[in-house]
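# Examination of the molecular architecture
Chain by chain, the residues run as shown.
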Amino acid sequence: MSDITIYHNPACGTSRNTLALIRNSGAEPVVIYYLDTPPSRETLQGIIDAMGTGVRALLRKNTEPYEQLGLASARFSDDQLLNAMMDYPTLINRPIVVTPLGTKLCRPSEVVLDILPDPQQGPFTKEDGEVVTGPDAKRIKPQQS
């Protein structure tokens, strides 16, 4: 059984790139299609605790329920936000990756490199053409403009 789990949405390019980066390290993760099989409230709370970021940091803002429910308002407690995520899994931002080295929301996808136990095994280019690792499998840092 893999010691890496990804909460994945195959319709999301960032999620697909993250999964591909995990596989480029030689690992085959447990893939949880969280829209079909949402995490339990306890699991989601555990993920948030492991990330150390708070509930709001995992809340996906560019989705219809976010606007309809008025979740931008500070009046919502963490419990209320968790309830909304349970009712509308599309509110859970993704991809979330859990490894022995940590738990992160991998946006952008190369954030996953910080928590993968094994290095990349070859070059990697994201779907949009951005090169993440070169021919030597070493990470290429984006140039600052």
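Below you will find a few notes about this structure. Computed from a predicted structure; not experimentally measured.

Three or more residues of helix H4 (residues 78-87) are buried, namely Leu81, Leu82, Ala84 and Met85. Looking straight down H4, one finds that the buried residues subtend no more than 155° of arc, so they occupy a single side.

Next up on the list: the nonpolar core. In this structure, Leu58, Leu71 and Met85 are the most contacted members of the largest nonpolar core, which totals 20 residues. Among residues more than four places away in sequence, those in contact with Leu71 are Arg56, Leu59, Tyr66, Phe76, Leu81, Ala84 and Leu91.

What follows deals with the sheet that holds strand S1 (residues 5-8). Pairing within the open sheet is mixed, and its four strands lie in the order S2-S1-S3-S4. The sheet terminates laterally at strand S2 (30-33) and strand S4 (102-105), the two strands that pair on one side only. Adjacent strand axes in the sheet meet at a mean angle of 15°, parallel and antiparallel pairs treated alike. Helix-sheet contacts for helix H1 (residues 13-24) involve S1, S2 and strand S3 (96-99), and the interaxial angle to S1 is about 160°.

Turning our attention to unusual backbone geometry. Most peptide bonds adopt trans geometry, and most residues besides glycine take a negative phi value. Omega for the bond connecting Arg94 with Pro95 falls within 30 degrees of zero, at 0°, which places this linkage in the cis form. Cis geometry marks the peptide bond from Arg107 to Pro108, where omega comes out at 0°. With respect to the helices, strands and loops of the structure, Pro108 is situated in the loop between S4 and strand S5 (124-125).

Relative to the elements of secondary structure, Ser109 occurs in the loop between S4 and S5. Side chain to side chain, Ser109 and Glu110 meet in a polar contact 3.4 Å long. Setting aside chain neighbours within four positions, we find Ser109 in contact with Thr14, Asn17, Thr18, Leu21 and Lys126.

About the thresholds
Residues numbered from 1 in each chain as written. Predicted model: local features only at pLDDT ≥ 70, side-chain atom pairs only at ≥ 80, totals over all residues. Heavy atoms only, no water. Buried < 20%, exposed > 50% of the residue type's maximum accessible area, 1.4 Å probe, protein only. Helix = DSSP H or I, 4+ residues; strand = E, 2+ residues; numbered from the N terminus. Arc of directions from axis to C-beta. Core = buried A, V, L, I, M, F, W, Y, C linked by side-chain atoms within 4.5 Å. Contact = heavy atoms within 4.5 Å. Pairing = 2+ DSSP bridges. Axes fitted to C-alpha atoms, helices over the stretch in contact; angles between N-to-C directions. Polar contact = N/O pair within 3.5 Å; in protein donor to acceptor, adjacent residues only side chain to side chain.

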